[in-house]
2 protein chains.
Amino acid sequence: MEEQVELVGRAFVDHYYQLFDTDRAALSSLYQPTSMLTFEGQKVLGAHAISEKFMQLPFDKCQHHISTIDSQPSSTSGGIVVFVSGSLALPGEEHQLRFGQMFHLIPSTGGSFFVQNDMFRLNYG
Amino acid sequence: MEEQVELVGRAFVDHYYQLFDTDRAALSSLYQPTSMLTFEGQKVLGAHAISEKFMQLPFDKCQHHISTIDSQPSSTSGGIVVFVSGSLALPGEEHQLRFGQMFHLIPSTGGSFFVQNDMFRLNYG
């Protein structure tokens, strides 16, 4: 069970950042109308608004590099909390930006997961 | 409701790190037998083992400085997910260590909350 949770967390994280870096519009499929995003302190509710937020970020291309992924079963039946640290490379920026992000994943019909909670912060050292 | 969640998250975070920095043994009261901690990738289950882990950390005194606190209602009835970034000052260390930490808080009998999920990571820049 615990190993399963780690595997799901890692697979989700790989998938999520690959979409973010190569096909950002497709991220909307990972959220639902109840989903919540807090991005650098700004709150956004629902898959549609979250997708718009991502599309409006002031950079076209970016590359996420993952440092750590930790996952635990949440108390929600079948849910998983995932905590990621890593760095973000933006075009024309010499230094990568460190970031932290947490996801609360909930099982969806069809055996996959959607993101109920998503909180993202850049780390200014 | 949303403002309430922010207030609870902030109050919890203030209380948590004040206990950590001044009365670390008392942290055990914030966990339950089902609680899970992942500390720098090491998994610990249950209030007793989590408390032991904190007491065995290789520093007596420390001081947490909080940079950001984000909170959202979780899908668990009345639960709250909290995402913290900050820095940790250790005795004799010139530089503070940046860290990220997430908590999943669950309502307990008596109107307060306990920590169901806790994941902590230092950020190496």
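Just above sits the structure.
All values derive from a computational prediction rather than experimental measurement.

Criteria and cut-off values
- Residues numbered from 1 in each chain as written.
- Chains lettered and ligands numbered in written order.
- Predicted model: local features only at pLDDT ≥ 70, side-chain atom pairs only at ≥ 80, totals over all residues.
- Heavy atoms only, no water.
- Helix = DSSP H or I, 4+ residues; strand = E, 2+ residues; numbered from the N terminus.
- Rg over C-alpha atoms; globule rule 2.2 N^0.38 Å.
- Buried < 20%, exposed > 50% of the residue type's maximum accessible area, 1.4 Å probe, protein only.
- Contact = heavy atoms within 4.5 Å.
- Areas by Shrake-Rupley, 256 points an atom, 1.4 Å probe, with all protein chains shown as cover.
- Lys, Arg positive; Asp, Glu negative; His and termini not counted.
- Charge placed at Lys NZ, Arg CZ, Asp CG, Glu CD.
- Buried area = accessible area lost by both parts, 1.4 Å probe.
- Salt bridge = Lys/Arg side-chain N within 4 Å of Asp/Glu carboxyl O.
- Polar contact = N/O pair within 3.5 Å; in protein donor to acceptor, adjacent residues only side chain to side chain.
- Nonpolar A, V, L, I, M, F, W, Y, C, P; charged D, E, K, R; others polar.
- Arc of directions from axis to C-beta.

1. Let's talk about the overall build of chain A
Helix and strand content of chain A: two helices and six strands. Helices and strands appear in chain A in the N-to-C order α-β-β-α-β-β-β-β. For 125 residues, the compact-globule estimate of 2.2 N^0.38 gives 14 Å, and the C-alpha radius of gyration of chain A, at 14 Å, lies within 12% of that figure. Considering only C-alpha atoms, chain A reaches an extent of 45 × 30 × 25 Å along its principal axes. Residues classed as buried in chain A amount to 57% of the 125 residues present. In chain A, the share of contacts with a sequence separation of at least 24, taken over all contacts with a separation of at least 6, comes to 46%. Accessible area of chain A: about 6,000 Å², with a carbon and sulfur share of 53%. Here chain A holds 7 positive side-chain charges and 13 negative ones, and the gap between their average locations is 6 Å.

2. Thoughts on the interface of chain B and chain A
Many authors give the size of an interface as the accessible area that is lost as the parts come together. Counting residues at the interface gives 34 residues for chain B, matched by 34 residues for chain A. The contact between chain B and chain A buries some 2,700 Å² in all, and 55% of this surface belongs to carbon and sulfur atoms. When the area that chain B buries against chain A is broken down by residue, the three leading residues are B:Gln72, B:Phe83 and B:Met119, summing to 24%. Viewed at the interface, chain A and chain B are joined by four salt bridges. Note that B:Arg121 is salt-bridged to A:Asp70, the shortest N-O span being 2.7 Å. The tally of links between chain B and chain A comes to 14 residue pairs in polar contact (both at pLDDT 80 or more). Elements with a minimum of two residues in the side of chain B that touches chain A: α1 (2-22), β1 (31-39), β3 (63-73), β4 (80-89), β5 (97-107) and β6 (113-123) of chain B. Residues belonging to the side of chain B that touches chain A are distributed by class as follows: 11 nonpolar, 16 polar and seven charged.

3. A short note on helix α2 (residues 47-55) of chain B
Among the residues of α2(B), those classed as buried are B:Ala47, B:Ile50, B:Ser51, B:Lys53 and B:Phe54. Taken down its axis, α2(B) places every buried residue within 155° of arc, on the same side.

From the geometry alone we can't say anything about function, so treat these as descriptive.
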